Amino acid sequence: MKTSAELSLYPLTKDYEEPIIAFIKLLQEQPDIKVATNGLSTQLTGEYDAVMKALTLAMKPSMTESTTCSFVIKLLNVAISPGEKVAV
């Protein structure tokens, strides 16, 4: 089953850029998913299990470090390309 996820990481600290960049780099290292970024969010596309595994692996460091952070995640049960319109 193809899945797409759009997510944003909000580290609640003055030095917010470093955790975001590290998070995106971890996502980009994950196999079998497509990763795209823009100024507001990061998009992942791939098979459901690969997307969820990538999210789990990339989110864990942020969730276990001392900096408080918030993730906003939207999941869609189809594969989309960033910026592509989806028929409804």
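Anything mentioned here points back to the structure above.
Residues numbered from 1 in each chain as written. Predicted model: local features only at pLDDT ≥ 70, side-chain atom pairs only at ≥ 80, totals over all residues. Heavy atoms only, no water.

**Digging into a negative patch on the surface**
Part 1 of the argument: A surface patch of like charges, here negative, comprises Asp-15, Glu-17, Glu-18 and Glu-65.
Part 2 of the argument: Here Glu-17 lies in helix H1 (residues 17-28). (Patch = residues over 30% accessible without salt bridge, like charges linked within 9 Å, V, L, I, M, F, W, Y side chains within 5 Å. Areas by Shrake-Rupley, 256 points an atom, 1.4 Å probe, with all protein chains shown as cover. Salt bridge = Lys/Arg side-chain N within 4 Å of Asp/Glu carboxyl O. Lys, Arg positive; Asp, Glu negative; His and termini not counted. Charge placed at Lys NZ, Arg CZ, Asp CG, Glu CD. Helix = DSSP H or I, 4+ residues; strand = E, 2+ residues; numbered from the N terminus.)

**Things to note about H1**
Part 1 of the argument: For H1, built from 12 residues, the straight-helix expectation of 16 Å at 1.5 Å per residue is met to within 8% by its first-to-last C-alpha distance of 17 Å.
Part 2 of the argument: Within H1, the full set of buried residues consists of Phe-23, Ile-24 and Leu-27. Seen from one end, H1 has its buried residues packed into an arc of 95 degrees, which puts them on one side. Of the exposed residues in H1, the ones pointing more than 90 degrees away from its buried face are Glu-18 and Gln-28.
Part 3 of the argument: Elements that come into contact with the buried residues of H1 comprise strand E1 (2-11), strand E2 (33-37), strand E3 (42-47), helix H2 (48-64) and strand E4 (69-76). (Expected span 1.5 Å × (residues − 1). Buried < 20%, exposed > 50% of the residue type's maximum accessible area, 1.4 Å probe, protein only. Arc of directions from axis to C-beta. Contact = heavy atoms within 4.5 Å.)

**Notes on the sheet that holds E1**
Part 1 of the argument: Pairing in this open sheet of four strands is antiparallel, and the strands run E2-E3-E1-E4 from one edge to the other. Since the sheet does not close on itself, it has two edges, and those belong to E2 and E4, each with one partner. For this sheet, the mean inter-axis angle between neighbouring strands, taken without regard to orientation, is 20 degrees.
Part 2 of the argument: Of the strand pairs in this sheet, E2 and E3 are connected by five bridges, and their pairing is antiparallel. When the sheet's bridge partners are listed, Thr-37 is paired in E3 with Thr-42.
Part 3 of the argument: Contacts from H1 reach E1, E2, E3 and E4, with the element oriented near 160 degrees to E1.
Part 4 of the argument: In this fold H2 packs onto E1, E2, E3 and E4, with an angle of close to 140 degrees to the strand it touches most, E3. (Pairing = 2+ DSSP bridges. Axes fitted to C-alpha atoms, helices over the stretch in contact; angles between N-to-C directions.)

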